[in-house]
Amino acid sequence: MELLLGRVAPGVELRAEQVVESARHLADAAGPGVWNAAAAEDALDASDTLAEALGGVGEELAQVLAAVTAANAAARRHLGLVTEAATAMPAPRTRSPRRPKRRGLGPGFQGIR
């Protein structure tokens, strides 16, 4: 899997560190009886989003991380966060279309004068 990891895009590593720090703060503040439906849903949405983003590394990793999405769906059912409409017709899980890579303006670009 290391072969799929390359150079980090600008801001990705910093944002990943911020996610970890926020998750630690949440874990420190959380405990029995302190969650409401909105907070639980937000935490599960964050987990889904991170799994989907990291799954963009490659199809094999996306398949591995599908277990996270399935576990989050089970947690939503367990917590009663799923409406009957959502359980009656589950939405197919497709990869979001990737934006085309932007091409840089090259070294030494000084802006438009």
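Residues numbered from 1 in each chain as written. Predicted model: local features only at pLDDT ≥ 70, side-chain atom pairs only at ≥ 80, totals over all residues. Heavy atoms only, no water.

Chemist: If you had to explain the overall build of the protein to someone new, which residues and values would you point to?
Modeler: In terms of regular secondary structure, the protein is built from four helices and zero strands. Traced from its N-terminal end to its C-terminal end, the protein shows the element sequence α-α-α-α. Among the 113 residues that make up the protein, the fraction classed as buried is 9%. The contacts of the protein with a sequence gap of at least 6 include a subset with a gap of at least 24, amounting to 68%. On the protein, roughly 9,800 Å² of surface is accessible, and the fraction owed to carbon and sulfur atoms is 59%. (Helix = DSSP H or I, 4+ residues; strand = E, 2+ residues; numbered from the N terminus. Buried < 20%, exposed > 50% of the residue type's maximum accessible area, 1.4 Å probe, protein only. Contact = heavy atoms within 4.5 Å. Areas by Shrake-Rupley, 256 points an atom, 1.4 Å probe, with all protein chains shown as cover.)

Chemist: Which residues make up the confidence of the model for the protein, and what are the values?
Modeler: Detailed reading of the predicted coordinates is not advisable wherever pLDDT is low. On average, residues of the protein score 81 in pLDDT, and 69% of them reach the 70 mark or higher. Taking the mean pLDDT of every element in the protein, the minimum, 54, falls on helix H4 (residues 84-88) and the maximum, 94, on helix H3 (residues 59-79). (pLDDT = per-residue confidence, 0-100.)

Chemist: Tell me about the side chain of Asn 72, residues and numbers included.
Modeler: Topologically, Asn 72 is positioned in helix H3. The exposure class of Asn 72 is buried, given its relative accessible area of 8%. At 2.7 Å, the side chain of Asn 72 forms a polar contact with the side chain of Asp 48. In this structure, Asn 72 is in contact with Leu 44, Ser 47 and Asp 48, ignoring residues within four places of it in sequence. (Polar contact = N/O pair within 3.5 Å; in protein donor to acceptor, adjacent residues only side chain to side chain.)

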